[in-house]
Amino acid sequence: MRAGGGVIPAAFSPITVANNKAWYRADLGASVSAWLDQSGTGDANKNAAQAVGAIQPSLAASAAFNNQQTFTFTGSDKMATGAWAVALTQPFTVMLVGRSLSNVSNYYALDNVSDPTQCAIIDSAGTLQAFTTSILAPANDPLLASIIFVEFNGATSNMYVNAHTAVASGAIGAAGLQGLSIGNYAGGGAFANWDIAEIAIWSGVVSAADRTLLEAYASARYGITVGA
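About the criteria used
Residues numbered from 1 in each chain as written. Predicted model: local features only at pLDDT ≥ 70, side-chain atom pairs only at ≥ 80, totals over all residues. Heavy atoms only, no water. Phe/Tyr/Trp six-rings, centres within 6.5 Å; stacked < 30°, edge-to-face > 60°. Buried < 20%, exposed > 50% of the residue type's maximum accessible area, 1.4 Å probe, protein only. Lys NZ or Arg CZ within 6 Å of the ring centre and 35° of its normal. Core = buried A, V, L, I, M, F, W, Y, C linked by side-chain atoms within 4.5 Å. Helix = DSSP H or I, 4+ residues; strand = E, 2+ residues; numbered from the N terminus. Contact = heavy atoms within 4.5 Å. Pairing = 2+ DSSP bridges. Polar contact = N/O pair within 3.5 Å; in protein donor to acceptor, adjacent residues only side chain to side chain.

> Before we go on, may I ask you to explain the packing of aromatic side chains in this structure?
Aromatic ring pairs are reported here in terms of the distance separating the ring centres and the angle at which the planes meet. In this structure the tally under the stated criterion is eight aromatic pairs. Here the aromatic rings of F71 and F73 are separated by 6.1 Å at their centres, their planes lie at 40°, and the arrangement is tilted. Of the two residues, F71 and F73, neither departs from the other in class, the shared state being buried. Ring pairing ties together the aromatic residues Y24, W35, F71 and F73, which thus form one cluster. Taking the ring centre of W84 as reference, the NZ or CZ of K46 above it sits at 5.3 Å. Of note, R211 hangs over the ring of Y160, and the distance from its end group to the ring centre comes to 3.6 Å.

Structure (C-alpha cells):
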C-alpha cells in the first residue's frame, strides 16, 4: 500500500507502464560519473555521464527520501545524455522525484539536452515550474520532497505534484525532447541545487490509472504522501 491508499503490483517499476522511453533511479547503474538508463530501449545515448570530477554530483542515502539513494546537484554539478536516437515529440510524460535545495534563483532539475529548445522542470526563486516556451507553475513548495508528473501536451498540458489531480494546467509549448541535461539549463548556468532520486519518461500521456500506480510506487519507495 502507499500513503493515501492503493495497491502496488508485485515487482512494479516505471518500465511496467507501456511506452517507457527512459528511466533513471539513483540506486541502479548509478555513480557520480554515470547514471545509466534502465528503460531497456537499447539506446546507449540515453546513458547520462559526467567525466569531470569537479562538477560531478554527490550520491548518498537521503533521509528526505526514506533513506533511498539520491543524487545531489549543487554549484555547477551536472550530467547529460547524448542525443537520443529517436527524439520524443509531444505528447510525452515526465516523472521526477526530487526537491529543490534553495529558493533564491533559477535552479534547473532537468532540461532538454541542447539549447535553444527547452523542456524543463525548475525552481524559479521559489516557484516550481515546467515549461518549453510557456510556463506551468503550481502553488507547491519546491523545497519539499515531491513526486512530480508533467504531461507535455501542447495547449492541454498538466502538472501533478504529490497529487492525483492536476495542480497546474494549460499551454506549455510544442517542443520535443532530444535527450536530457540533468542539473542545469542546457544553454549554460542556472544549475540545479536539487536532490534527484528518480526520473522516468514515457511517450504519450500516461493514463490516470497508470499514473496512480506510479504514484503508489514512488510514494511507498520514498515515503512521500500523495493527496487527492
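> What is the right way to look at the nonpolar core in this model?
Nonpolar side chains tend to gather and get buried jointly when the protein is soluble and globular. By size, the foremost hydrophobic cluster in this structure holds 36 residues, and its most contacted members are W35 and I199. Ranked by residues supplied to this core, first place goes to strand β16 (residues 194-203) with four residues. Look past the residues within four positions of I199 in its chain and what remains in contact with it is A22, W23, Y24, W35, M95, L96, L110, L180 and I182.

> Would you take a moment to explain the pairing of strand β8 (residues 106-112) for this structure?
Taken across its seven residues, β8 has six buried, putting it largely inside the fold. In the sheet, β8 pairs with strand β9 (residues 120-124) via four bridges, with the strands oriented antiparallel. Opposite Y107, over in β9, you have D123 as the bridge partner. Both β8 and strand β15 (residues 180-182) contribute to a ladder of three bridges, which runs antiparallel. Directly across from L110, in β15, lies its bridge partner I182.

> Looking at this structure, I do not really get the environment of I199. What am I missing?
Its location among the elements puts I199 in strand β16. Classification of I199 by relative accessible area gives buried; the value is 0%. Note: C-alpha distance between I199 and R25 (174 residues apart in sequence) is 6.6 Å.

> It is not clear to me how the pairing of β16 should be interpreted in this structure. Could you clarify?
Successive side chains on a regular strand alternate, one facing one side of the sheet and the next facing the other. The element β16 is extensively covered by neighbouring structure, given that nine of its 10 residues are classed as buried. Where strand β1 (residues 20-25) lies against β16, five bridges are found, and the strand directions are antiparallel. In the strand pairing of β16, A22 is matched with I201. Bridging between strand β5 (residues 68-73) and β16 involves three bridges; their strand directions are antiparallel.

> Hey, could you run me through unusual backbone geometry in this one?
For residues that are not glycine, phi is negative in most cases, and the peptide bond is trans in most cases. A cis amide bond, omega 5°, links Q90 with the succeeding residue P91. Among the structural elements, P91 can be located in the loop between β6 (79-80) and β7 (92-100). Positive phi is not limited to glycine here, since N19 has a value of about 70°. Within the secondary structure, N19 is located in the segment before β1. Exposure remark for N19: the relative accessible area of 45% places this residue in the partly exposed category.

> Hey, could you run me through the environment of S169 in this one?
Assignment of secondary structure puts S169 in strand β14 (residues 168-170). Overall, S169 belongs to the exposed group, its relative accessible area being 52%. Along the primary structure S169 and N158 are separated by 11 residues, whereas in three dimensions their C-alpha atoms are 4.4 Å apart. The residues contacting S169, other than those within four sequence positions of it, are L136, S157 and N158. In this structure the side chain of S169 is engaged in a polar contact, spanning 2.5 Å, whose partner is the side chain of N158.

The quantities given are spatial measurements derived from coordinates; they are silent on function.
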